[in-house]
Amino acid sequence: MRVKLKTLMLGAAATALLAGQALAEKIIIGHFGNPTPMQLLSTTDELAKATGWEIEWRKFDAGTDVIAAMASGDVVLSELGSSPIAIGASSGLEFELIAYSDVIGKAESLIARKDSGIASVADLKGKTVAVPIGSTAHYSLMGALQYEGIAEADVNIVGMKPDDIAAAWGQGTIDAAWIWQPVQSEILKTGTFVIGADQTAAWGFPTYDGWVANKAFADANPDKIVAFLKAVDKVNGMYLANPAAWTADSAEVKALAAATGADPAQVPGILEGFTFLPMAEQAGEAWLASAAPKIKVTAEFLKGAGRIDATLDDYSAFVNPTYAAAAAAP
């Protein structure tokens, strides 16, 4: 299935809505529901006290849904994958990448049915593969096909949301899926791991989930954005200090499982599928300081694949490392 993602522009009504929400006490924070350390922030009132926000945590199934919510003004702060970031920026959505939530590894992977005959990317020819269109998983799939020299037309790529992928898998209507947790663990019960996003990253197609904020909202609330990133950095640091301690029986993993509905036994393995970056590292040259040209590379790939209509000459306006740098300061 080939889906052309249309340009999303903020109109006068959406701009007015954003301006109103910037002054509101209630803030909706978008996320993807992964049992990552930042989910601990939803289990206490610590972030609300640090920011003064009344917070609603809203789960999204895919980045395209986040883009629509941010374009409408409903959401001003959210997780968003690297591919959708390129899509949103190319369409003129007024947001900024302010930090990285995680770098994606095996947390997003290609899983094949055991009876499908798929043991490698090369075996996808003539097969039906499900993936959320416009997502980081979709970008990884396209990158893998390009690396192996397989035309998209030679694979039946079906766009599905995660829950629909799980249903289609149960019905036996798809041969494989490139998907994230918790659907990944569910279909692995009767499927086989083929390749993860860590491998496609090594092939030149890296993916990540970033934190993006509406620019006007961030400009009006810099101290609160920094407080938010400090809180994210704190919980990530708790994990990075001793990942082995985050077992199925640990209080942290139980809290993540309760917050996301994940199986506590699977959470430690899920966490291993991501890389979490300290804020001090994020603000450096290797990450936020060099993010704009990497977004451009992603956008150009998506344009070449027919997923967006046009790219920009420069994506610097869509990256702001100052908040992460401030959050990293003692």
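This one's a predicted model, so the numbers in the text were calculated from it and none came from an experiment.

(A) Examining the pairing of strand S5 (residues 109-113) more closely. A large share of S5 lies buried, amounting to 5 of its 5 residues. Covered by surrounding structure in S5 are Ser 109, Ile 111 and Arg 113 together with Leu 110 and Ala 112, the residues of both alternating faces. As judged from the 4 bridges shared by S5 and strand S8 (residues 176-179), these two strands associate in the antiparallel manner. Of the residues in S8, the one forming a bridge with Ala 112 is Ala 176. Note that S5 and strand S9 (residues 191-196) share 5 bridges and pair antiparallel. Among the inter-strand pairings, Arg 113 is bridged to a residue of S9, identified as Gly 191.

(B) Just the pattern of salt bridges, in detail. Counted according to the given criterion, the structure contains 12 salt bridges. For the salt bridge of Asp 115 with Arg 113, the shortest nitrogen-to-oxygen distance reads 3.8 Å. Assessed through its relative accessible area of 18%, Arg 113 is described here as buried. For Asp 219, the salt bridge goes to Lys 215, with nearest N and O atoms at 3.0 Å. Taken together, the positions of Asp 219 and Lys 215, both in helix H9 (residues 215-220) and 4 residues apart, correspond to about one turn of that helix. Taken together, the salt bridges that share partners define one network made up of Lys 26, Glu 56, Arg 58 and Asp 74.

(C) The environment of Ser 135, seen in detail. Structurally, the position occupied by Ser 135 is in the loop between strand S6 (128-131) and helix H5 (136-148). Judged by relative accessible area, which is 3%, Ser 135 ranks as buried. In this structure, the C-alpha to C-alpha distance between Ser 135 and Ala 62, residues 73 residues apart in sequence, is 6.3 Å. In contact with Ser 135, other than residues within four places in its own chain, are Ser 83, Pro 84 and Trp 180. In this structure the side chain of Ser 135 is engaged in a polar contact, spanning 2.6 Å, whose partner is the backbone oxygen of Pro 132.

(D) Region of interest: the packing of aromatic side chains. Evaluated as defined, the whole model comprises 13 aromatic pairs. Ring centres of Tyr 100 and Tyr 208 lie 4.9 Å apart, and the angle between their planes is 75 degrees; on these two criteria the pair is classed as edge-to-face. Of this pair, Tyr 100 sits in strand S4 (residues 95-104) while Tyr 208 sits in strand S10 (residues 208-214), placing them 108 residues apart in sequence. Note on Tyr 100: relative accessible area 3%, which makes it buried. A relative accessible area of 12% means that Tyr 208 is categorised as buried. Between the aromatic rings of Tyr 239 and Phe 276, the centroid separation amounts to 5.6 Å while the plane-to-plane angle is 85 degrees, which identifies the pairing as edge-to-face. On the criterion of sequence distance, the pair formed by Tyr 239 in helix H10 (residues 222-241) and Phe 276 in the loop between strand S11 (274-275) and helix H13 (279-282) is long-range, its members being 37 residues apart. Linked through ring pairs, Tyr 239, Trp 246, Phe 274 and Phe 276 together constitute an aromatic cluster. Taking the ring centre of Trp 169 as reference, the NZ or CZ of Arg 113 above it sits at 5.0 Å. When the ring centre of Trp 287 is taken as reference, the NZ or CZ atom of Lys 294 above it lies at 5.7 Å.

What counts, and where the lines are drawn
Residues numbered from 1 in each chain as written. Predicted model: local features only at pLDDT ≥ 70, side-chain atom pairs only at ≥ 80, totals over all residues. Heavy atoms only, no water. Buried < 20%, exposed > 50% of the residue type's maximum accessible area, 1.4 Å probe, protein only. Helix = DSSP H or I, 4+ residues; strand = E, 2+ residues; numbered from the N terminus. Pairing = 2+ DSSP bridges. Salt bridge = Lys/Arg side-chain N within 4 Å of Asp/Glu carboxyl O. Contact = heavy atoms within 4.5 Å. Polar contact = N/O pair within 3.5 Å; in protein donor to acceptor, adjacent residues only side chain to side chain. Phe/Tyr/Trp six-rings, centres within 6.5 Å; stacked < 30°, edge-to-face > 60°. Lys NZ or Arg CZ within 6 Å of the ring centre and 35° of its normal.

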